[in-house]
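# Descriptive analysis of the structure
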Amino acid sequence: MSYRKGLEKYQDLDEDQILSALTEEEIKMLEEEMVELDPDNALLPAGMRQRDQTKKTPTGPFKRDNLLAHLEKQATSTKDREDLVPFTGEKRGKAWVPKQKVIDPVLESVTLEPELEEALANASDAELCDIAAILGMHTLMSNQQYYEALGTTTIVNKEGLDSVIKPTQYKPVPDEPNSTDVEETLERVKNNDPDLEEVNLNNIKDIPIPTLKAYAEALKSNTYVKKFSIVGTRSNDPIAYALAEMLKVNSVLKSLNVESNFISGSGILALIEALQNNKTLIELKIDNQSQPLGNKVEMEIASMLEKNTSLLKFGYHFTQQGPRLRASNAMMNNNDLVRKRRLADLNGPIFPKCRTSV
């Protein structure tokens, strides 16, 4: 626990007070350090791949005509490089002659009525495509063209037979925004509404930190909410500490999801350590935080999970093989305990005889 002890002194720091005490130059330096850059992405502009380190003041506004005139002058003043073999204009080799198409004698011998030949000769590509669909020649067109032609009596194919190489246009379906009323749901949690069993605040970006803390405080006394999810709400360590205190006293919640947030290793460890006093939570998801947790934190997570006998699902992708295997074995043992309890029809926790640890 040496890693956690080193971070406990930062739990009660007021971030707003620290930011308000910074000077303008220090805030600018902090913004430069927090800029997310991707130097390996060649598709991004140069300004988004590296930090602007130019200190020289601009000499004037950008003038496109002057730049083109300078490039043209520089190009005309540069002498061309002499060819190793001078060009004489002499043609060498054989002239290319296109191959004549071989006409199938069977097709050449087929004769149609004059009216039908005239109709086919004057038919457009769209009409030929519909005729091919009616005759069952589905290999000459896409599935969309084939079924559209069979489903109507009018000409629906506008592109003809050449469109077989084109894929069906993808129709993007926009993600529906989360319509949860944050304040109304909070009041329902505080009032212990029996009809409210799931609270979903996923991807709501503008929830204040005090409001999320109020949710954690309200869940301490709530006896109906079984699932609480705050994915992508920009939650940080203070939220994690508040949820950890809630888990120590809550005896109803079965699922907690805090993925895709800004919780550090100390906040994650506080959540998992709180499971020692909680026997009802069976699912915990903590993956995809803004910064990697590190090897030490993952080892401590694995050690805590080995001591837990109630958690059945743990959502986190370990970067190291050792803690990943230990956590997987712990979840497997817990599920096996549930199976044995169900078969034996017993009440109360069943503790394993031994739990291996590395």
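## What about helix H10 (residues 182-190)?
Within H10, the full set of buried residues consists of Val182, Thr185, Leu186 and Val189. For H10, the angular spread of buried residues about the axis comes to 105°, placing them on one side. Against the buried residues of H10 lie strand S1 (198-200) and helix H11 (209-219). Here H10 starts with a cap whose side-chain oxygen sits 3.3 Å from the backbone nitrogen of Glu183, and that cap is Asp181.

## Notes on the environment of Lys313
Inspection of the secondary structure puts Lys313 in strand S5 (residues 313-315). Along the backbone, Lys313 and Asn335 are 22 residues apart, and their C-alpha atoms lie at a distance of 8.9 Å. Setting aside residues up to four positions removed in sequence, Lys313 forms contacts with Ile282, Glu283, Leu284 and Met331.

## Digging into unusual backbone geometry
Even without a glycine there, the phi angle at Asn192 is positive, about 60°. In this structure, Asn192 sits in the loop between H10 and S1. What makes Asn192 partly exposed here is its relative accessible area of 23%. A positive phi is found at Asn203, a non-glycine position, where the angle reads about 60°. With respect to the helices and strands, Asn203 occurs in the loop between S1 and H11.

## Topic: a negative patch on the surface
Where like charges cluster on the molecular surface, the negative patch consists of Glu31, Glu32, Glu33 and Asp52. Locating Glu33 in the fold gives a position in helix H3 (residues 24-34). Residue Glu33 is classed as exposed on the basis of its relative accessible area, which comes to 62%.

## Focus on the side chain of Glu306
For Glu306, the location among the structural elements is in helix H14 (residues 295-307). The class of Glu306 is buried, set by a relative accessible area of 11%. Within the local environment of Glu306, its side chain forms a polar contact with the side chain of Arg326, the two groups lying 3.1 Å apart.

## What to know about the sheet that holds S5
Taken in spatial order, the 5 strands line up as S1-S2-S3-S4-S5 in an open sheet, and their pairing is parallel. Whereas interior strands pair on both sides, the edge strands pair on one side only; in this sheet they are S1 and S5. Sheet twist, expressed as the average angle between the axes of neighbouring strands with direction ignored, equals 5°.

## Quick look at the packing of aromatic side chains
Any pair of aromatic rings gets described here by the distance separating the centres and the angle formed by the planes. Under the definition given, this model contains 3 aromatic pairs. Ring centres of Phe314 and Phe318 lie 6.2 Å apart, and the angle between their planes is 35°; on these two criteria the pair is classed as tilted. Of the two residues examined, Phe314 and Phe318, each falls in the buried class. A network of ring pairs unites the aromatic residues Phe314, Tyr316 and Phe318 as a single cluster.

## Here we look at the packing of helix H12 (residues 237-249) against helix H13 (residues 265-273)
Remark: H12 packs on H13, axes separated minimally by 8 Å, with the N-to-C direction vectors making an angle of 10°. Classed by the angle they form, the pair H12 and H13 counts as roughly parallel. For the pair formed by H12 and H13, the contact residues are Asp237, Ala240, Tyr241, Leu243, Ala244 and Leu247 on the first element and Ser266, Gly267, Ala270 and Leu271 on the second. Looking at the contact of H12 with H13 residue by residue, the class counts come to 7 nonpolar, 2 polar and 1 charged.

## A word on H13
With respect to burial, H13 is a largely interior element, 8 of its 9 residues being buried. Within the sequence span of H13, burial applies to Gly265, Ser266, Gly267, Ile268, Leu269, Ala270, Leu271 and Ile272.

## Looking at the nonpolar core
Ranked by internal contacts, the top residues of the largest apolar core, which has 50 residues, are Phe228, Leu243, Leu256, Ile272, Ile301 and Phe314. Secondary-structure elements contributing two or more residues to this core are H10, H11, H12, H13, H14 and helix H15 (321-344). By residue number, the principal contributor to this core is H12, which donates 8 residues.

## Details of the confidence of the model for the protein chain
Keep in mind that low pLDDT regions are not for reading the predicted coordinates in detail. Chain-level pLDDT for the protein chain is 80 on average; 78% of the residues reach the 70-or-more range. Ranking the elements of the protein chain by mean pLDDT puts helix H1 (residues 2-7) last, at 64, and strand S2 (residues 227-229) first, at 94.

## A few points about the pattern of salt bridges
This model, assessed by the stated rule, comprises 7 salt bridges. One salt bridge connects Asp336 with Arg339, and the closest N-O pair in it is separated by 2.6 Å. Of this pair, Asp336 and Arg339 are both found in helix H15, 3 residues apart, which corresponds to roughly one turn of the helix. In this structure Asp336 comes out as partly exposed when scored by relative accessible area, which is 26%. Its relative accessible area of 37% is what places Arg339 among the partly exposed residues. Bridged by salt links that share partners, the residues Asp336, Arg339 and Lys340 form one connected network.

Rules used throughout
- Residues numbered from 1 in each chain as written.
- Predicted model: local features only at pLDDT ≥ 70, side-chain atom pairs only at ≥ 80, totals over all residues.
- Heavy atoms only, no water.
- Buried < 20%, exposed > 50% of the residue type's maximum accessible area, 1.4 Å probe, protein only.
- Helix = DSSP H or I, 4+ residues; strand = E, 2+ residues; numbered from the N terminus.
- Arc of directions from axis to C-beta.
- Contact = heavy atoms within 4.5 Å.
- Polar contact = N/O pair within 3.5 Å; in protein donor to acceptor, adjacent residues only side chain to side chain.
- Patch = residues over 30% accessible without salt bridge, like charges linked within 9 Å, V, L, I, M, F, W, Y side chains within 5 Å.
- Areas by Shrake-Rupley, 256 points an atom, 1.4 Å probe, with all protein chains shown as cover.
- Salt bridge = Lys/Arg side-chain N within 4 Å of Asp/Glu carboxyl O.
- Lys, Arg positive; Asp, Glu negative; His and termini not counted.
- Charge placed at Lys NZ, Arg CZ, Asp CG, Glu CD.
- Pairing = 2+ DSSP bridges.
- Axes fitted to C-alpha atoms, helices over the stretch in contact; angles between N-to-C directions.
- Phe/Tyr/Trp six-rings, centres within 6.5 Å; stacked < 30°, edge-to-face > 60°.
- Parallel < 35°, antiparallel > 145°, perpendicular 65-115°, else oblique.
- Nonpolar A, V, L, I, M, F, W, Y, C, P; charged D, E, K, R; others polar.
- Core = buried A, V, L, I, M, F, W, Y, C linked by side-chain atoms within 4.5 Å.
- pLDDT = per-residue confidence, 0-100.

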